[in-house]
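Here's the letter readout for the chains.
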Amino acid sequence: MTRTILIVGATGSIGLHAARRALVAGYRTCALVRDRVRAARLLPAGTTLLVGDATDTPTVANAVEDVDAVVFTHGSHGGEGEAESIDYGIVSTVLGALKNPDVHVSLMTTIGITVHDSLYNRATQAYDWKRRSERLVRRSGHPYTIVRPGWFGHNEPDQRKLVFLQGDTRRVRSTSDGAVARDEIARVLIDAIAIPEAAYTTLELVSERGPEQPDLVSLFAALEHDEPGTHDAILDPDTLPLSAEPPAVLEQLDAIGRVVAPHSSVATSCGFGAS
């Protein structure tokens, strides 16, 4: 039976690669997009387009019905309030709409996410809200893989050997933290769905000079898994204490951690009437 993937952020620079990777892997690939014409022009043939706003609960509930995996490749651009509404809000809305606890979640955030005292984060709060989105995913009960890529596209052409790290130890916030190709980020996000060893893991992703590995199983198998029911990745520094979090954030963490309802048998619009 063909498995169905929903990509959120599919028309972005990573999402486009994720859609291509998913189709090549044989997944039924859906994309939640705002502009059908633009999406049809950018996305590969075979992608099912669902038009709507990823922050709109009814739209999202319809989009996620009967999907087997959700892949988040979206991201804000530093505008006022964008980090909360986009980096965090979209993840919160989608997780809240999922009814099947077995749906795999692949979430892209960023290397250096535990650095909260930088000038950039103080101005945008982007890393605060990205890290909070990670916490929602961990608390949701869904199998997940959280990927924190290094600098997009700053890799050399022969820099294709992937390196999985943990503990967010590369925290300079420059290209010295590591670089990785966009299509390789997409590869990790998509391939993780079918690799049991990838479930409940958080990793930083960079690359070295050399050819890409033929598969990622051994890289995932070498990782430490996050503790069940935890908020942060297993080796992360405690730089955003729960004790200092806003009450609304704590309430959402508590709500998302409750038992997920049994899977509904209603058919998804991802496969019916979309194009």
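Residues numbered from 1 in each chain as written. Predicted model: local features only at pLDDT ≥ 70, side-chain atom pairs only at ≥ 80, totals over all residues. Heavy atoms only, no water.

(A) Local environment of empty space enclosed by the protein. Inspection of every chain in the model, using the stated rule, returns two cavities of 30 Å³ or more. Residue lining of the largest cavity: 11 residues in total, with Val64, Glu65, Asp66, Lys99 and Asn100 positioned closest to the centre. Each residue belonging to the lining of the largest cavity can be placed in one class, and the counts come to six nonpolar, two polar and three charged. By volume, the second largest cavity is sized at about 30 Å³. Taken together, His74, Asp87, Leu107, Met108, Thr109, Lys130 and Ser133 make up the lining of the second largest cavity. Looking at side-chain class alone, the lining of the second largest cavity contains two nonpolar, three polar and two charged residues. (1 Å grid on protein atoms, 1.4 Å probe; cavity = no way out; pocket = protein on both sides within 12 Å on 5 of 7 lines; lining within 4 Å. Points joined across faces, edges and corners; volume = space filled by probe spheres on them. Nonpolar A, V, L, I, M, F, W, Y, C, P; charged D, E, K, R; others polar.)

(B) Inspection of helix 6 (residues 126-139) at higher detail. With 14 residues, helix 6 extends 20 Å between its outermost C-alpha atoms, agreeing within 8% with the 20 Å of an ideal straight helix rising 1.5 Å per residue. With 13 of 14 residues buried, helix 6 lies mostly within the body of the structure. (Helix = DSSP H or I, 4+ residues; strand = E, 2+ residues; numbered from the N terminus. Expected span 1.5 Å × (residues − 1). Buried < 20%, exposed > 50% of the residue type's maximum accessible area, 1.4 Å probe, protein only.)

(C) Spatial organisation of the environment of Val206. Relative to the helices and strands, Val206 resides in strand 10 (residues 201-208). The contact partners of Val206, leaving out residues within four places of it in the chain, are Ile111, Gly150, Lys161, Leu162, Val163, Leu165, Arg170, Asp177, Gly178, Ala179 and Val180. (Contact = heavy atoms within 4.5 Å.)

(D) Structural view of the pattern of salt bridges. Summed over all chains, the structure comprises 18 salt bridges. The residue Arg209 makes a salt bridge to Asp158 at a minimum N-O spacing of 2.7 Å. A residue pair is termed long-range when its members are at least 10 positions apart, and Arg209 in the loop between strand 10 and helix 8 (217-221) and Asp158 in the loop between strand 7 (151-152) and strand 8 (161-165) qualify at 51 residues. On the basis of relative accessibility, which here comes to 55%, the residue Arg209 falls in the exposed class. The exposure class assigned to Asp158 is partly exposed, which follows from its relative accessible area of 40%. Several salt bridges share partner residues, and in doing so they unite Arg21, Arg160, Asp183, Glu184, Arg187, Asp191 and Glu212 into one network. (Salt bridge = Lys/Arg side-chain N within 4 Å of Asp/Glu carboxyl O.)

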